[in-house]
Amino acid sequence: MAQVDLAYKIAAADDAVESAPGRSGAYDYRRLLGRGVGWIVPALTLALWSFASRHEWVASQILPAPGAVWQTLLEQIRSGDLFLNFGISLGRVLVGFTLGCLIGVVLGVAMGLSRRVEDYLSPTFNAISQVPVLGWLPLAMMVLGIGESLKFVIIAHASLVPVAINTLKGIRSVPRNYIEVAKAFQFSRSQLLRRVVFPATVPAIFVGLRYGLTQAWLSLVTVELLASSEGLGFMIVWGRQLFQLDLVLAAIIVVGVVGLLLDRGLARLEKRLLRWQPVWDMAGGGS
Amino acid sequence: MSAAAASLTSPRLRRGLVVPLLALVAWQVITHYKLANVHLLASPSAVLKSFVVQVKEGELFSQLLASLRRDLSGFLLGAFAGLLLGSAMGVWRIADRLFGPSFDAAKQVAVFAWIPLISVWFGTGESAKIVFIALAAFYPVVVNAYQGIRGVSREHVEVARAFRFSRLQTFKKVVLPAALPSIFSGLHLALIYAWLGTLGAEYLLAPAPGIGNLMIDGRESLAMDKVLLGVLLAGLVGFSLNALAARAEAYFLRWRVRNA
């Protein structure tokens, strides 16, 4: 029990973190364009960086010039290597994430609707989710080898846990008076679920999905760093092995941009799907 | 003893035990009748035996200790830096405007992607690992400290102003207490991320004693028992750090009126 509460609590804390970039990020973005102050730090960093590499304060193997990174990035785009690796990474995330979400939502709904199912599954589920995703990686590599299935399973697992926890939490926190109204209208059980419980749960599920996607992307990069021969993570490792830090930096930039786009894309989808809803406190009644 | 016996009869516990027991039986059956590659899949009894041996040898403790030391050093470093930047951005608008966008951009990069770069700049030894763990712990602390301070209600600050509190007084008596829950959430999250980072750092940087290393070694020598032991320890440490953080949070925030 305490463990479930703990899991909720972590999820809630994560929600707070997750809802932050959405709000403050958009805010900062506007501010960035409006006043330009936000460009000062990056511009100074860039200036210092190019100055340092021009005057060879540091060896170019350790810090390549910004121009070199930019050239490499363009070159990778032109040769198509970048898109190839990006496509492979994206495909892995989509398959794993879809798999994880499906299982996560089913698990969360089953545990949320039936105390009995929760009694059977939640101790095992909690025990499994206590081990960090990366903790499973060596075991998964032994059992599954280092093929595609390894990536799918790790990514699915990374997204499954937050999705299941948030779905469960969402179902459990459907306001009691909604259910009472439905009962007063003599809704059948399936009506109750379709018209009341699921619509009220969607925001919580989306919190889980967004967090799950972030986790999925993080795990993908790690798996690719450790065991892969293609993909963005592999590009980074490859660049490191060849001591081509320009390639490493270019790949890191792409990893960041893709992470950002995935998160913002899901946020936009969420907004669109929840248009019917009055303004709702997504973070679940946070401060 | 009697309490344990009583709880065994509770349906919740009995139900909770069904799935793990089934899994255990299936595992034993599979290994016993060699339904799968036995070289890979050690039987539960073999794993248990290996646990006992490893614990007795005491080498395990040094591995665990090494991981924990790394984890905590990284966490402290990252949390300290995170608190500094997060509160600076929360208190001074100009700091927020200067660093906010850069921080947001940097945060988008999946943190493990920095490891190869860190390995060039800091080597692959202990310092590189600690720097990486600190980075993993840094982000959630900044976000939560910033949000907590920004989220302080305007009315409270106005009351403080009406009482002619100095800036320092306002911060100490109004802003900090109101922001503390969020700051603790950030630290709690940071503890979780730091542990994740510790495992990742041990996988990806130079081998040195530690739980992550135990697992990687076990995988390479196809010693399933070692890997499982590592999984168990990773889970236990994660769980204990969680529980510890929750305790500390409850203790330090005990003055709060619960309104949830």
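Residues numbered from 1 in each chain as written. Chains lettered and ligands numbered in written order. Predicted model: local features only at pLDDT ≥ 70, side-chain atom pairs only at ≥ 80, totals over all residues.

Q: I'd like a description of the overall build of chain A, backed by residues and values.
A: Along the backbone of chain A there are 11 helices and zero strands. Mapped in sequence order, the helices and strands of chain A form the string α-α-α-α-α-α-α-α-α-α-α. Here chain A holds 287 residues, and 43% of them are scored as buried. (Helix = DSSP H or I, 4+ residues; strand = E, 2+ residues; numbered from the N terminus. Buried ≥ 20, exposed ≤ 12 C-beta atoms within 10 Å, placed from the backbone.)

Q: Summarise the overall build of chain B; cite the residues concerned and give the values.
A: A count of helices and strands for chain B gives 11 helices and zero strands. Reading the helices (α) and strands (β) of chain B from amino to carboxyl end gives α-α-α-α-α-α-α-α-α-α-α. Seen through its C-alpha atoms, chain B measures out along the principal axes to roughly 80 × 55 × 30 Å. Buried residues in chain B amount to 40% of all 260 residues. Taking the intrachain contacts of chain B between residues at least 6 apart in sequence as the baseline, contacts between residues at least 24 apart amount to 73%. (Contact = placed C-beta atoms within 7 Å.)

Q: So what's going on with the nonpolar core? Which residues, and what values?
A: In this structure, Val221(A), Ala251(A), Val255(A), Ala137(B) and Ala190(B) are the most contacted members of the largest nonpolar core, which totals 127 residues. Element by element, the count of residues in this core is highest for helix H9 (residues 167-204) of chain B, at 18 residues. In contact with Ala137(B), not counting residues within four places along its chain, are Gly74(B), Phe75(B), Gly78(B), Ala79(B), Gly82(B), Ala190(B), Tyr193(B) and Ala194(B). (Core = buried A, V, L, I, M, F, W, Y, C linked by C-beta atoms within 7 Å.)

Q: Got a sec to walk through the confidence of the model for chain A? Specific residues and values, please.
A: Residue and element names in this part refer to chain A. Summing up the model confidence of chain A, the mean pLDDT is 82 and the portion of residues at 70 or higher is 84%. Low confidence marks residues 1-25, where pLDDT is under 50. Its contacts with residues over four positions away, or in another chain, come to 45 contacts. pLDDT under 50 marks residues 280-287. Its contacts with residues more than four places away, or in other chains, come to 13 contacts. (pLDDT = per-residue confidence, 0-100.)

Q: Kindly report on the interface of chain B and chain A, identifying the contributing residues and their values.
A: Residue-level contacts link 60 residues of chain B with 51 residues of chain A. Put simply, the parts of the chain that give the side of chain B that touches chain A at least two residues each are helix H2 (11-32), helix H5 (93-107), helix H6 (115-122), helix H7 (126-150), H9, helix H10 (211-220) and helix H11 (224-252) of chain B. It is H9(B) that contributes the most residues to the side of chain B that touches chain A, 12 residues altogether. Counted by class, the side of chain B that touches chain A contains 38 nonpolar, 17 polar and five charged residues. (Nonpolar A, V, L, I, M, F, W, Y, C, P; charged D, E, K, R; others polar.)

Q: Before we move on, can you summarise the packing of H9(B) against H10(B) with the specific residues and values?
A: Residues and elements named next belong to chain B. One can describe the packing of H9 onto H10 by two numbers: an axis separation of 7 Å at closest approach and a directional angle of 45 degrees. Relative to H10, the element H9 is oriented oblique. For the pair H9 and H10, the crossing hand works out as right-handed. Residues Thr198, Leu199, Glu202 and Tyr203 of H9 form the contact with H10, whose participating residues are Ile211, Gly212, Asn213 and Ile216. Along the lines of polarity and charge, the residues of the contact of H9 with H10 split into four nonpolar, three polar and one charged. (Axes fitted to C-alpha atoms, helices over the stretch in contact; angles between N-to-C directions. Parallel < 35°, antiparallel > 145°, perpendicular 65-115°, else oblique. Left-handed = near helix turned anticlockwise from the far one by under 90°.)

Q: I'd like to hear about the domain arrangement of chain B, residue by residue, with values.
A: Domain boundaries assigned for chain B yield domain 1 (2-41) and domain 2 (50-252). With centres defined by C-alpha atoms, the gap from domain 1 of chain B to domain 2 of chain B works out at 35 Å. (Domains from an automatic or database assignment.)

Q: Before we move on, could you go through unusual backbone geometry and cite the residues and values that matter?
A: Residues and elements named next belong to chain B. In this structure, Arg164 takes a positive phi of about 55 degrees despite not being glycine. Turning to its location among the elements, Arg164 is positioned in the loop between helix H8 (154-162) and H9. Looking at Arg164, the number of C-beta atoms within 10 Å reads 8, which means it is exposed. Positioned with a positive phi, Leu222 is a non-glycine residue whose angle comes to about 55 degrees. By the element assignment, Leu222 lies in the loop between H10 and H11. Among the residues examined, Leu222 registers 13 C-beta atoms within 10 Å and is labelled partly exposed.

Q: I'd love a proper account of the environment of His157(A), names of residues and values included.
A: Residues and elements named next belong to chain A. Among the secondary structure elements, His157 is positioned in helix H7 (residues 148-172). C-beta crowding within 10 Å serves as the criterion here: with 24 such atoms nearby, His157 is assigned to the buried category. Separated by 56 residues in sequence, His157 and Cys101 have C-alpha atoms that sit 9.2 Å apart. In contact with His157, other than residues within four places in its own chain, are Gly100, Val133 and Trp136.

Q: Which residues make up the packing of helix H9 (residues 189-226) of chain A against helix H10 (residues 232-241) of chain A, and what values go with them?
A: Residue and element names in this part refer to chain A. Look at H9 against H10: their axes get within 7 Å of each other, and the N-to-C directions meet at 45 degrees. With respect to H10, the element H9 is oriented oblique. Between H9 and H10 lies a crossing whose hand is right-handed. Within the contact between the two elements, H9 uses Leu220, Val221, Val223, Glu224 and Leu225 and H10 uses Leu232, Gly233, Phe234, Ile236 and Val237.

Q: Explain the environment of Trp27(B) to me, and be specific about the residues and the numbers.
A: Mapping Trp27(B) onto the fold places it in helix H2. For the pair Trp27(B) and Ala201(B), spaced 174 residues apart in sequence, the C-alpha separation works out to 31 Å.

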